[in-house]
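Notes for the structure review
Each chain is listed here by its residues.
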Amino acid sequence: MPSLLYSLSVYFGFWAAQHKLGAVLPVLGSNRSVGEAYLSSSTMNKQLQQIIHIPPNPPVSPTSQPTKKVYASLIEPKHANTVIRRLNQIAPLQNLQHLKRIHKKQIQGGKPELFVILCLASENETQSNPMPSDVEDVVNSYNLTPFITEVCKHVALSKKEWEEQCKLWPTSYHPPTYNIHGITGFNEEDSKSVFSFMKSTIELAKSGDHLSFSAALIVDPLAGQIIASACDDVCSWHMGTNEAKTKTCHFKQSEGFTSGADANRIARDTTLLSNGLSDNLQKCDTTVSCLNPWQFSQQSLDTSPCYCHPLRHAAIVAIEASAARDRHLFPCSGHSEKLYEVDSTHSSPSGSPEKRQRVTLENVKNGGEQDANTKSSDSLARPYLCTGYDIYLVWEPCTMCAMALVHQRIRRLFYVLPNPEAGALGSVHRLQGEKSLNHHYAVFRVVLPELEFPAER
Amino acid sequence: MESDNLAYMELAIHQAKLAMESLEVPVGCVFIMDGNVIASGRNRTTETRNATRHAEMEAIDILLEKWQRDGLSKAVVAKNFSQCVLYVTCEPCIMCAAALSFLGIKEVYYGCANEKFGGCGSILSLHSSFSEPFISDEIPQRKGFKCTGGLMASEAVSLFRSFYEQGNPNAPKPHRPLVQEKAER
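Residues numbered from 1 in each chain as written. Chains lettered and ligands numbered in written order. Predicted model: local features only at pLDDT ≥ 70, side-chain atom pairs only at ≥ 80, totals over all residues.

By the naming in an unreviewed UniProt entry, chain B goes by Cytidine/deoxycytidylate deaminase family protein isoform 2 and is assigned to Hibiscus syriacus.

For chain A, an unreviewed UniProt entry supplies the name Cytidine/deoxycytidylate deaminase family protein and the organism Hibiscus syriacus. In its Sequence similarities (unreviewed entry) section, the UniProt record describing chain A reads: "Belongs to the cytidine and deoxycytidylate deaminase family. ADAT3 subfamily." (UniProt positions renumbered as here; feature names shortened; annotations may be inferred.)

Here you go:
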């Protein structure tokens, strides 16, 4: 299946471009992330290691921004001030305040020419609506020659958009300040932690069936603790077992993973994939379940026994592991606790601290796993499902996984590689922007220098 | 045929009632192949503390385990799914609709629409196959399935209603910060 080959070659194209262009971020289909979406980076690799917010609203391509038609005209520079003042009175550019009224065009070898926006024009090609009479007066008294041209309709949201806008007609641009659902960017410490967990995720992806380069890590960011981790557990004709690769709470975070040597190995492997050099590696690409989830239903020739589960994508298995952990740590807080919640409107009979899930989190933070087991579950914070937790994924998740994480109430999702054909967080669908859902997580793409173009070595 | 449909949906409703008896959100389903019920499932999210354990996922797991025990090949399992019809009391959510499309299921009948999470027309339309203008090897082929809603919808809705009226004891609270929670009470 060439799907991954295709994807990887695309990525490497971008990595190459990124490498050459320094701070310019990769742009991929609708999953565009321009430089201004840049939130944070370590000081070490300011231009390489980045956390990019993938917003709920689909960004438009900078080159295809919606436009609006206006009447414009060449104007004598000496009349410019008077005319603009007059036009601002009689034909203000309502809701188009980002537009500059005047456009200075440098003509080769000649004097610059000034153009002015007179007023809005009809959007309908066939119907030519006349200009308002007082604009008409201005046109006549200054011998203007009106023509219809296009300008950008909306304020630029990024520098890149702004640069494109100015090719049509100059606009003003103010870089945004970030406040994403209460997550106001990442400070140095936070981003360090994000990169560290993401590197652990990549380590994990390699540690499993190294042919299926996919993994998920659920993390409690406040405690800095891994809640659950998993690799893809779907079928593979390379594997003779279907044993779950979940390692709840036992996965050691490798702080020392900075050498880049291992990462270079990944890069090399994936380069092999993209070049299609190795038969063996070529066969394995479909094992990244989120990339081509339909693969299972299309194998009409595979007669090997089915010891597999086509839906056990890494994120699904990780959710299962976190649920198992919860049942293990809080065995008796099932229905009784829930009933207690209902009762709490009348009185609070037992241990009200239990309800304050975040207040008692310090216990977990300081005590860690050992403590959690020895203490009675009553005194422990127990978040509802994965509320407050983050998930780290190698790939942008497919629709099933993305929605599963909505159900399980994940707070933030970080991924490294976009999934252009099946991704549900910007590529094909954009669940983080589906207003009807009862929960939304913030989505970030993590750009790692380790997954840079291999020539970097 | 119509009476068959109703009979199968009755079985799904029965599953939903079992869910409700266990204080789970009342959704149930059955898988039909060649006119036979081959698996049934009900919502089990509270018991498992895993919000992805919807009725469909439960039934799919039962099927996969069964077929694996029977030593069926992947090709046969894939073929079986392509002959399965699902009856579920509520429109499959986005997650389940995606899963059903991944498995290449033949057809789905559902009761009431799922206006918050529905993946078969309400929010996304994952059941409708995206026929690309040309099929390229490089693009994964998405699978759709036939989907019909509104089968015994009122029964499904009344189950939901009685469940929430009894004050959903499994309500996912507290899932907001403490301050807001106080304000709510």
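**Here we look at the overall build of chain A**
Scanning chain A from N- to C-terminus turns up eleven helices and eleven strands. Here chain A holds 457 residues, and the buried ones make up 41% of them. Put simply, 69% of the contacts in chain A that link residues at least 6 apart link residues at least 24 apart. (Helix = DSSP H or I, 4+ residues; strand = E, 2+ residues; numbered from the N terminus. Buried ≥ 20, exposed ≤ 12 C-beta atoms within 10 Å, placed from the backbone. Contact = placed C-beta atoms within 7 Å.)

**Some remarks on the overall build of chain B**
Within chain B, the regular secondary structure consists of seven helices and five strands. Reading the secondary structure of chain B in the N-to-C direction produces α-β-β-α-α-α-β-α-β-β-α-α. Across the 185 residues in chain B, those meeting the buried criterion constitute 48%. A separation threshold of at least 6 residues defines the contact pool for chain B, and within that pool the share at least 24 residues apart is 54%.

**Here's the deal with the packing of helix α1 (residues 2–21) of chain B against helix α6 (residues 153–165) of chain B**
Residues and elements named next belong to chain B. Where α1 contacts α6, the two axes come as close as 11 Å, and the packing angle between them is 5°. Here α1 lies roughly parallel to α6, going by the angle between them. Along its contact with α1, which presents Ile 13, Ala 16, Lys 17 and Met 20, the element α6 presents Glu 155, Ala 156, Leu 159 and Phe 163. A class-by-class count of the residues in the contact of α1 with α6 yields six nonpolar, no polar and two charged. (Axes fitted to C-alpha atoms, helices over the stretch in contact; angles between N-to-C directions. Parallel < 35°, antiparallel > 145°, perpendicular 65-115°, else oblique. Nonpolar A, V, L, I, M, F, W, Y, C, P; charged D, E, K, R; others polar.)

**Some details on the confidence of the model for chain A**
Residue and element names in this part refer to chain A. The predicted model of chain A has a mean per-residue pLDDT of 70, with 61% of residues at 70 or higher. Of the regions scoring below 50 in pLDDT, residues 1–46 engages in 104 contacts with residues more than four places distant in sequence or in other chains. Every residue in residues 452–457 scores below 50 in pLDDT, and together they form 13 contacts with partners more than four places removed in sequence or on other chains. (pLDDT = per-residue confidence, 0-100.)

**Focus on unusual backbone geometry**
Residues and elements named next belong to chain B. The backbone of Asp 34 sits at a positive phi, close to 50°, despite the residue not being glycine. Under the C-beta neighbour-count criterion, Asp 34 is labelled exposed, with 9 such atoms within 10 Å. The phi torsion at Arg 49 lies on the positive side, around 55°, for a residue other than glycine. One can find Arg 49 in the loop between α2 (45–48) and α3 (55–69). Take Arg 49: there are 21 C-beta atoms within 10 Å of it, and that puts it in the buried class.

**As for the sheet that holds strand β4 (residues 107–112) of chain B**
Residues and elements named next belong to chain B. Strand order in the open sheet made by the five strands is β2-β1-β3-β4-β5, with mixed pairing throughout. Of all strands in the sheet, those with a lone pairing partner are β2 (36–42) and β5 (146–148), marking the two edges. Each strand axis lies, on average, 15° off the axis of its neighbour in the sheet, ignoring direction. Pairing of β4 with β5, which is carried by three bridges, proceeds in the parallel orientation. Considered in β5, the bridge of Tyr 109 is made with Thr 148. Running over the sheet, α3 touches β1 (28–33), β2 and β3 (84–90) and is turned about 130° from β2. (Pairing = 2+ DSSP bridges.)

**Observations concerning helix α4 (residues 74–81) of chain B**
Residue and element names in this part refer to chain B. Listed in full, the buried residues belonging to α4 are Lys 74, Val 77, Ala 78, Asn 80 and Phe 81. The buried residues of α4 occupy one face: seen down the axis, they fall within an arc of 160°. Residues of α4 that are buried make contact with β1, α3, β3 and α5 (94–103). (Arc of directions from axis to C-beta.)

**Side note on the nonpolar core**
Core analysis: the biggest nonpolar cluster contains 123 residues, and Ala216(A), Ala315(A), Ala318(A), Ile391(A), Tyr87(B) and Ala99(B) have the highest contact counts within it. With nine residues, α5(B) is the single largest residue contributor to this core. (Core = buried A, V, L, I, M, F, W, Y, C linked by C-beta atoms within 7 Å.)

**Thoughts on the packing of helix α11 (residues 399–407) of chain A against α5(B)**
It is at 8 Å that the axes of α11(A) and α5(B) come closest, and there the two elements cross at 155°. With respect to each other, α11(A) and α5(B) are oriented roughly antiparallel. As for how α11(A) packs across α5(B), the hand of that crossing is left-handed. Residues Thr399(A), Met400(A), Met403(A), Ala404(A) and His407(A) of α11(A) pack against Ile94(B), Met95(B), Ala98(B), Ala99(B) and Phe102(B) of α5(B). Of the residues in the contact of α11(A) with α5(B), the class split is eight nonpolar, two polar and no charged. (Left-handed = near helix turned anticlockwise from the far one by under 90°.)

**Focus on the sheet that holds strand β5 (residues 113–120) of chain A**
Residues and elements named next belong to chain A. Ordered by their spatial adjacency, four strands build an open sheet running β4-β5-β3-β6, and the pairing between neighbours is antiparallel. Whereas interior strands pair on both sides, the edge strands pair on one side only; in this sheet they are β4 (102–105) and β6 (147–152). Averaged over all adjacent pairs, the angle separating strand axes in this sheet is 45°, with direction ignored. Across six bridges, the pairing between strand β3 (residues 67–75) and β6 is antiparallel. Its bridge partner being in β6, Thr 67 is matched across the sheet by Cys 152.

**Observations regarding the environment of Ser64(A)**
Along the polypeptide, Ser64(A) turns up in the loop between β2 (50–53) and β3. On a C-alpha basis, the gap between Ser64(A) and Gln165(A) in space is 9.6 Å, while along the polypeptide they are 101 residues apart.

**Observations regarding the confidence of the model for chain B**
All names here are of chain B. The share of residues in chain B with pLDDT of 70 or more is 83%, and the mean pLDDT across the chain is 87. Taken as a whole, residues 174–185 scores under 50 in pLDDT and shows eleven contacts with residues more than four places along the chain or in a different chain. The ipTM, which scores confidence in the relative placement of chains, is 0.89 for this predicted complex, and the corresponding pTM is 0.65.

**A closer look at the pairing of strand β11 (residues 442–447) of chain A**
For a regular strand, the rule is simple: side chains alternate between the two faces of the sheet. Residues and elements named next belong to chain A. With five of its six residues buried, β11 lies for the most part within the structure. The pairing of β2 with β11 spans four bridges and is antiparallel. Note that in β11 the partner of His 53 across the bridge is Phe 444.

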